[in-house]
Amino acid sequence: MNRKKDKGFETPLFLNVLTCYVMFIPHTTHQVVCINNINFQRKSVIGFVELTIFPTVVNLNRIKLNSKQCRIYRVRVNDLEAPFIYNDPTLEVCHHESKQRNLNYFSSAYTAAVSAVDPDAGHGELVIKVPSELWKQGDEMNVLKVYIEFSLDQPKGGLHFVVPDVEGSMAERGAHVFSFGYQNSTRFWFPCVDSYSELCTWKLEFTVDASMVAVSCGDLVETVYTHDMRKKTFHYVLPIPTAASNISLSVGPFEILVEPYMHEVTHFCLPQLLPLLKHSMSYLHEIFEFYEEILTCRYPYSCFKTVFVDEAYVQVSSYASMSIFSTNLLHSAMIIDQTPLTRQCLAQALAQQFFGCFISRMSWADEWVLKGISGYIYGLYLKKTFGVNQYRHWIKEELDKMVEYELKMGGVLLHPTFGGGKDKDNPTPHLHFSIKHPHTLSWKYYKMFQCKAHLVMRLIENRISMEFMLQVFNKLLSLASTASSQKYQSHMWSQMLVSTHSFLKSISNVSGKDIGPLIKQWVDQSAVVKFFGSFAFNRKRNVLELEIRQDYTSSGTQKYVGPIKVTVQELDGSFNHTLQIEENSLKHDIPCHSKSRRNKKKKIPLMNGEEVDMDLSAMDADSPLLWIRIDPDMSILRKVEFEQADFMWQYQLRYERDVVAQEESILALEKFPTPASRLALTDILEQDQCFYKVRQGACFCLAKIANSMMSTWTGPPAMKSLFTRMFCCKSCPNIVKTNTFISFQSYFLQKTMPVAMAQLRDIQNLCPKDVLNFILDLIKYNDNRKNKFSDNYYRAELIDALTNSLTPAISISNEVRTVDNLNGDVRLILEEITRSLNMEKLLPSYRNTITVSCLRAIRMLQKNGHIPSDPSLFKSYAEYGHFVDVRVAALEAVVDYTRGMHRTSPSEVSRTHPIPYVVHKILSMLGKNPPFTKAAESPLCNEALVDQLWKLMNSGTSHDWRLRCDAVNLYYTLFGLTRPSCLPLPELGLVLNLKEKKAVLNPTIKPEQGPDTTEMTGITMGVHIPGLITMETVSSVSMSSGVAPPPQGLKRKLDSVVGPLGSSSPEPGQVLQEEDTSKKFKIRFNTVEEDEIDMESPHDSQAFIHHHLNILERPSTPGKEPPAVDQAVLSLPVTPLPSSFGKESTSSSKHSGDHHHHHHHHEHKKKKKKKHKHKHKHKHESKDKERDSHAFSNSPASGRSARSPSMSD
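- As annotated in an unreviewed UniProt entry, the chain is Transcription initiation factor TFIID subunit 2 from Oncorhynchus tshawytscha.
- Here the chain is described in UniProt, under the heading Subcellular location (unreviewed entry), as follows: "Nucleus".
- What UniProt states about the chain under its Sequence similarities (unreviewed entry) heading is, verbatim, "Belongs to the TAF2 family."

## Some remarks on the overall build of the chain
(1) Moving on: In terms of helices and strands, the chain carries 38 helices and 35 strands.
(2) Moving on: Summarising the internal contacts of the chain: among those between residues at least 6 apart in sequence, 72% fall at separations of at least 24.
(3) Moving on: Accessible area for the chain stands at about 48200 Å²; split by element, carbon and sulfur atoms hold 54% of it.

## Comments concerning helix 14 (residues 500-511)
(1) Moving on: Here helix 14 contains 12 residues, and its C-alpha end-to-end distance of 16 Å stays within 8% of the 16 Å for a straight helix at 1.5 Å per residue.
(2) Moving on: Buried within helix 14 are the following residues: Thr-500, Phe-503, Ser-506, Ile-507, Val-510 and Ser-511. All buried residues of helix 14 lie within an arc of 130° about the axis, which places them on one face of the element.
(3) Moving on: Taken from the residues just after helix 14, Gly-512 is the one with a positive phi, measuring 70°.

## Here we look at the packing of aromatic side chains
(1) Moving on: Evaluation of the coordinates by the stated rule reveals 48 aromatic pairs.
(2) Moving on: The rings of Phe-288, Phe-290, Tyr-291, Tyr-299, Tyr-301, Phe-304, Phe-354, Phe-358 and Tyr-381 are connected pair by pair, giving a single aromatic cluster.
(3) Moving on: The side chain of Arg-678 reaches across the aromatic face of Trp-713, ending 3.5 Å from its centre.
(4) Moving on: Arg-962 extends its terminal NZ or CZ atom over the ring of Trp-443, reaching a point 4.7 Å from the ring centre.

## Quick notes on the side chain of Thr-266
(1) Moving on: Structurally, the position occupied by Thr-266 is in strand 17 (residues 265-269).
(2) Moving on: What makes Thr-266 buried here is its relative accessible area of 16%.
(3) Moving on: Those residues within four positions of Thr-266 in sequence are excluded, and the remaining contacts are Ile-256, Leu-257, Val-258, Phe-304, Lys-305 and Thr-306.

## Quick notes on the sheet that holds strand 10 (residues 176-179)
(1) Moving on: Spatially, the four strands line up as an open sheet ordered 9-10-15-12, and their pairing is antiparallel. Only two strands of the sheet have a single partner each, and these edge strands are strand 9 (159-162) and strand 12 (213-216). Taking the axes of each pair of neighbouring strands and ignoring which way they run, one obtains an average angle of 10° across the sheet.
(2) Moving on: Pairing between strand 12 and strand 15 (residues 249-252): four bridges, direction antiparallel. Its bridge partner lying in strand 15, Ala-214 is registered against Val-251.

## Focus on the pattern of salt bridges
(1) Moving on: Using the criterion set out here, one finds 44 salt bridges in the structure.
(2) Moving on: For the salt bridge of Glu-149 with Arg-74, the shortest nitrogen-to-oxygen distance reads 3.6 Å. Note that Glu-149 is positioned in strand 8 (residues 144-153) and Arg-74 in strand 4 (residues 71-77), a separation of 75 residues in sequence.
(3) Moving on: According to the relative accessible area criterion, Glu-149 is partly exposed, its value standing at 23%.
(4) Moving on: Judged by its relative accessible area of 28%, Arg-74 is partly exposed.
(5) Moving on: Across the pair Lys-203 and Glu-205 runs a salt bridge, and its minimum N-O distance is 2.3 Å.
(6) Moving on: In this structure Lys-203 comes out as partly exposed when scored by relative accessible area, which is 30%.
(7) Moving on: For Glu-205, a relative accessible area of 14% puts it in the buried group.
(8) Moving on: A cluster of three or more residues bridged by salt bridges with shared partners is formed by Arg-392, Arg-629, Glu-656, Asp-658 and Glu-664.

## Quick look at the sheet that holds strand 18 (residues 304-309)
(1) Moving on: A sheet is described by the order of its strands in space; here five strands give the open sequence 16-17-18-20-19, paired in mixed fashion. In this open sheet, the two edge strands, each paired with only one partner strand, are strand 16 (255-258) and strand 19 (316-319). Put simply, the sheet's adjacent strands are angled 15° from each other on average, direction ignored.
(2) Moving on: Pairing analysis gives four bridges linking strand 16 to strand 17, with the strands arranged antiparallel. Directly across from Leu-257, in strand 17, lies its bridge partner His-267.

## With respect to the packing of helix 20 (residues 720-727) against helix 21 (residues 744-757)
(1) Moving on: Where helix 20 meets helix 21, the axes come as close as 11 Å, and the angle between the chain directions of the two elements is 150°. Judged by the inter-axis angle, helix 20 sits roughly antiparallel to helix 21. Pair helix 20 / helix 21 crosses with left-handed handedness. Each of Lys-720, Leu-722, Phe-723, Met-726 and Phe-727 in helix 20 lies in contact with helix 21, whose residues at this interface are Ser-746, Leu-749, Gln-750, Met-753, Pro-754 and Met-757.

## Examining the nonpolar core
(1) Moving on: Core analysis: the largest hydrophobic core is formed by 323 residues, its most contacted members being Ile-128, Tyr-291, Phe-355, Trp-368, Ile-460, Phe-473 and Phe-503.
(2) Moving on: Sorting elements by how many residues they give to this core places helix 11 (residues 443-464) first, with 13 residues.
(3) Moving on: Not counting residues within four places of it along the chain, the set of residues in contact with Tyr-291 comprises Ala-347, Leu-350, Ala-351, Phe-354, Ile-377, Tyr-378 and Tyr-381.

Each value, and the rule that gives it
- Residues numbered from 1 in each chain as written.
- Predicted model: local features only at pLDDT ≥ 70, side-chain atom pairs only at ≥ 80, totals over all residues.
- Heavy atoms only, no water.
- UniProt positions renumbered as here; feature names shortened; annotations may be inferred.
- Helix = DSSP H or I, 4+ residues; strand = E, 2+ residues; numbered from the N terminus.
- Contact = heavy atoms within 4.5 Å.
- Areas by Shrake-Rupley, 256 points an atom, 1.4 Å probe, with all protein chains shown as cover.
- Expected span 1.5 Å × (residues − 1).
- Buried < 20%, exposed > 50% of the residue type's maximum accessible area, 1.4 Å probe, protein only.
- Arc of directions from axis to C-beta.
- Phe/Tyr/Trp six-rings, centres within 6.5 Å; stacked < 30°, edge-to-face > 60°.
- Lys NZ or Arg CZ within 6 Å of the ring centre and 35° of its normal.
- Pairing = 2+ DSSP bridges.
- Axes fitted to C-alpha atoms, helices over the stretch in contact; angles between N-to-C directions.
- Salt bridge = Lys/Arg side-chain N within 4 Å of Asp/Glu carboxyl O.
- Parallel < 35°, antiparallel > 145°, perpendicular 65-115°, else oblique.
- Left-handed = near helix turned anticlockwise from the far one by under 90°.
- Core = buried A, V, L, I, M, F, W, Y, C linked by side-chain atoms within 4.5 Å.

Listed below in structure tokens is the structure:
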């Protein structure tokens, strides 16, 4: 859609998109969604919506809504038929752009396409013309009722049908359907204003088979059966103003459980899973109580529903008053490892009910506030339920993850602002995607964005105190709660939307503190801080001379100026010092409180007030310092590399009570392989009161140290005697005791130790024989009969231990690998893996954990050359029908095989898997472990692969934002930003470089970079001389659509009536008018003289430019320069001529090339603006010119729309 104001459309819609859009877009105050048929056999949905729209301007004559995939049959406004246009520029981003396959170009075109239908800026795929009889109603500001009939047939996004291929009725088969999507994706399953800032009340009706249950948002008012009792209709009402993006649906033969402690909470699961559901949900009421208590505010909705579905898009999706979870989160009381994960998912879902569903966001730039608050209160729940150690470990984990990502990718920006100069228009030039919309973001970036948001909330809490922080949240909820109970008043409902400005204002009002500098540093800027620390002790002055350096020149780093906390543990106690990091200061003198003392035996006080005896023989006799920590509270988003002596790290590990400090010292001790380090780590392993994750880390560190100390190591292999003492029989040390996992601490240690031991190596770099035999004995004598818990995770870890023990095979030239000539140890391992894999088929373990470990082990045997590399086993396990974890593990092996052997093309790996989550995993794994990269040569890097990937991201993933961004990431990893090197140079053609105002040859020799040129033509593309273009381009058009362009006249008319390939159903957005007498479809062709509306303006001028090749003296769009926002869109072929519905036409060749004209009402204006004075006015009058326009429509820069025949009533 072009976003310039139409002449007849006198809404001051785009005065200032960022600040004023709430005022000018007509408000939807209420919406009815009625789905009266859901067909599982055909995977189709039929229904209608009715929107009550309150015009905020006089003479509202155009309504823009969001709708993707839906086939629209009719639109009525206040009972009058209304003409409409359906145009979705994101279906195919670059319209048959055959020559330049460059990601820079794609990204700017994709951003423009998403902007063109962005509801926050008042745009949409569906534009409805309000009948002129109703224009006067706008004067009186009466409401408009917009009624739209639609259907969905085999939707690829938005709704996911799960129909198991077994015998029986749909209910018996467990067939179900649920809505899904990343960010605002409701437009995929019904027409709406798909924006988080557009709130309205809802009435939702779903008619389903009598054996099915429909679960949706709001209160279930009634369930009505039809006369024949075969169907029933569920009526839901949601009186709280809610954004369409937070509406969801789930239909299936669900079993229902009402929460015993809270009757307003209901759980739904698939047949036969009720016992698991009961156990998994048994503590949900505690999470409710916790949030209501800390927020001092009741849960905002009158009910809460949890639905567990198969093939879920993500583990947790939150919607107004309901959440959709993956059924894989359910577990029985026997499962240990899954329990905390499921509880965490429930806590996240509930936090998002308060901040995300009930309180929505003003614009995409304010998303960080909601993600930050929900992540922060989830962290508080984690701290209360799982303890401070778990909470601090989680914060450290999240911080490390985010810092690593920012240093690698160059920064995550929480609050992007756009407009106002080149720098502002692309605030993140280091990324290969735009952050202007959630739909253009890489999934990994979005994950890191959420992570950074809650870490920043924690920094704000450090600054203003938790008490004030919770008061701010309470204030936001109270205002929203008051607003939600009001009848429609637009200014009142806006209290339910949070913006960065309103959030900061609340903080300032409640706490009276200025957090401006903190926001400027972490929210308005991307990047993290990188510190390097070292110290010297000055004995004469009894002063610690601390040097803190910063690296702020690398990618993803920034300079930090401000306070930093340093904790120094001395002999007389622990002391905190706050240092001021100035512009140039590096050295800081810290006075010491204790004198060094030898021989005096005295207990040493620790940070937590505890006093302990220490063996001080290892420390430096002249210095009273035991250890030093920089920023122990993680109150800066930073990476710290600190140098101190090995004995200091050892003391820190043994005696510091903070888990973060212990984990830091374990990491540091890897560099100090000494007997003292060995002793410190062994002591930690033996300490029962030490946090289990620290002990797990110590296991792996000990294995690394043992390998470095191979020649001087004395005694049995590391950890073996400890494991024997803790878990084996006293009379027979090689036989493990019967499993009793009553102590979870020792359970996690028992699981981890064998895996770490298997990493030990002897002088020949092989796993020591006694270690391997020990692990095989653990498997052999494992006995779980008397255990009330399942040992499936433990057995899976033992298989992982066998995998870790493998080392590369010593190959003898020309020797063919067979099972007979296998090394004896490897043979034992292979037999064990085969036995476990076969056992799994008879008695599958929970989540098939053992199968997953066996598949990894087999791949490792192949990689190390013990057995021939062959992907066929993995391909069979990757097929649809296996459990999702097994499929992902098998696909990971296939991806790894592709990289190692260069035999399977990545596109083969990512062949259609019907589950969006699995395709997402494939693309992510290929991105993480690519078969080749842009720097390396590879036989797989060829033109066919470039074509397949380009098609995948250009039109093949238009139904799922996440998959499209995954495909872009993969393309970037394989080929970089510019044209792939494996493509041949394009044929000789004249290229216009608008920047330098001259014609050049062959754009590939010097690929155009950056978005600067986008403003003019969307990156200089091959605009060929008319003489050269016609044959080549026409042939490429027919290639693109699979059908050569038909002759214009009758054929087109026939096509539009009969539909593509003879189907008589109308296409999405096609208005078919029935004549009463003959019942034939009539399509009217508007002539140039007919009235008003030109829906898109820049297209004609651009066609003219191409036609005459004299753009050198003109701006890109003759006449008035469009605003900066619009310029980016000009690069977009708004309405493609050969294939408007890119997905359908390119991939399945359903439509003939010209059929799509009928999606548009193109009526000419009588009054031409200056920009319309060119010769193209007479386009309809000459068929030759029509054919010519075909030729030019290929050029990706021709951001023009077909001036197609239109249908009006």
